[in-house]
Amino acid sequence: MRIVFMGTPDFAVPSLRRLVEDGHEVCGVFTQPDKPKNRGMKLLPPPVKEYALSVGIPVFQPTTLRDGSALEQLRELAPQLIVVAAYGKILPVDILQLPPLGCINVHSSLLPKYRGAAPINWAILNGESETGVTIMYMAEGLDTGDMLASAATPIDLNESAQQLHDRLAQMGADLLPQVLDQLEQGTAVAVPQDDAQSCYAPMLSRALSPIDWAHTATQIHNQVRGLTPWPAATAVVDGVRCKIIRTAVETEQTTQAPGTCVKADKRGLWVACGEGTVLEILELQPDGKKAMAAHAFLLGHPLKEKEAI
């Protein structure tokens, strides 16, 4: 099948790779413009661009899809289908209507739940036990199109957003061949979404980072997992602002006030949380330093029982 692929970050690469390895004619890749990153602010290409160029696929990086130039490029490419995965731009109607087989999107949630920019993170932040991927037709609304296929997976209690991201990226790629075969054969069944069951997964921001120790250990554990690697959950520990990288929920209860040290030893740091729950900090990253085990941090910041962290 002659396909144009649209995607930008790491999540999209397995889907593009699957199209190439399955022998489809990927005639062009649309991705976001290169962006300055790191301290030197050097322009770096998106992961999708790097992979596309490595296999000789033409790359297009329009700053907008609404001035007609992208539409003209797509008309020249004449794809039968457009496949989208985490592109980061909304496709206007004239592009949605261009390919004979339509435009489909690989989305990292079980729609209609978690429409929007950060479905993986919000599934963990909200303590969901299950998520998955959905491939759907694209429509004018935000992730509102009819569904073509989905696959579910449990979320491990200690799985981070990054780990879940990597699993779902591959699940989406593995689901694509089934959908493409059905589209080619004319057997695809499009199922409308139930808007009453929908919820929104907005973009993340650093406003979500500060930990409130009055929340339960499970809620804070989900915050830590859901905000890894960015923007990361943060707390001030012994006067030092730290990113909290890894945690574990303890079964024991405490009568201590939230935000106080329950125990600190060679194994780690335990903190009292809301409703008498206890959270163990396993790994953290002080500002300006590398990530380290909690016991290594305690060597320079000894904390005592019942002391505010």
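Residues numbered from 1 in each chain as written. Predicted model: local features only at pLDDT ≥ 70, side-chain atom pairs only at ≥ 80, totals over all residues. Heavy atoms only, no water.

A. Representation of the packing of helix α1 (residues 13-21) against helix α6 (residues 161-185) in the model. At a minimum axis separation of 8 Å, α1 and α6 run at an interaxial angle of 35°. Crossing of α1 against α6: the hand is right-handed. Every residue of α6 that contacts α1 at P14, S15, R18 and L19 is listed here: A169, Q170, G172, A173, D174, L176, P177 and L180. Its residues assigned to classes, the contact of α1 with α6 comprises seven nonpolar, three polar and two charged. (Axes fitted to C-alpha atoms, helices over the stretch in contact; angles between N-to-C directions. Helix = DSSP H or I, 4+ residues; strand = E, 2+ residues; numbered from the N terminus. Left-handed = near helix turned anticlockwise from the far one by under 90°. Contact = heavy atoms within 4.5 Å. Nonpolar A, V, L, I, M, F, W, Y, C, P; charged D, E, K, R; others polar.)

B. Looking closely at the pattern of salt bridges. Going through the model one piece at a time under the given rule, you end up with nine salt bridges. Notably, a salt bridge pairs E159 with R167, separated by 2.7 Å at the nearest N-O pair. On the basis of relative accessible area, E159 is assigned to the buried category, the value being 8%. For R167, a relative accessible area of 30% translates into the label partly exposed. A salt bridge links R246 to E283; its shortest N-O distance comes to 3.0 Å. With a gap of 37 residues between them, R246 in strand β13 (residues 240-249) and E283 in strand β16 (residues 278-286) connect regions that are remote in the sequence. (Salt bridge = Lys/Arg side-chain N within 4 Å of Asp/Glu carboxyl O. Buried < 20%, exposed > 50% of the residue type's maximum accessible area, 1.4 Å probe, protein only.)

C. Structural context of the packing of aromatic side chains. Applying the stated criterion to the full structure yields one aromatic pair. Centre to centre, the rings of F30 and F60 are 4.9 Å apart; their planes meet at 20°, and the pair counts as stacked. Taken as a pair, F30 in strand β2 (residues 25-30) and F60 in strand β5 (residues 59-60) lie far apart in primary sequence, 30 residues in all. For F60, a relative accessible area of 19% translates into the label buried. Of note, R17 hangs over the ring of Y51, and the distance from its end group to the ring centre comes to 5.2 Å. A cation over an aromatic ring shows up here: K263 above the ring of W270, its NZ or CZ 4.4 Å from the ring centre. (Phe/Tyr/Trp six-rings, centres within 6.5 Å; stacked < 30°, edge-to-face > 60°. Lys NZ or Arg CZ within 6 Å of the ring centre and 35° of its normal.)

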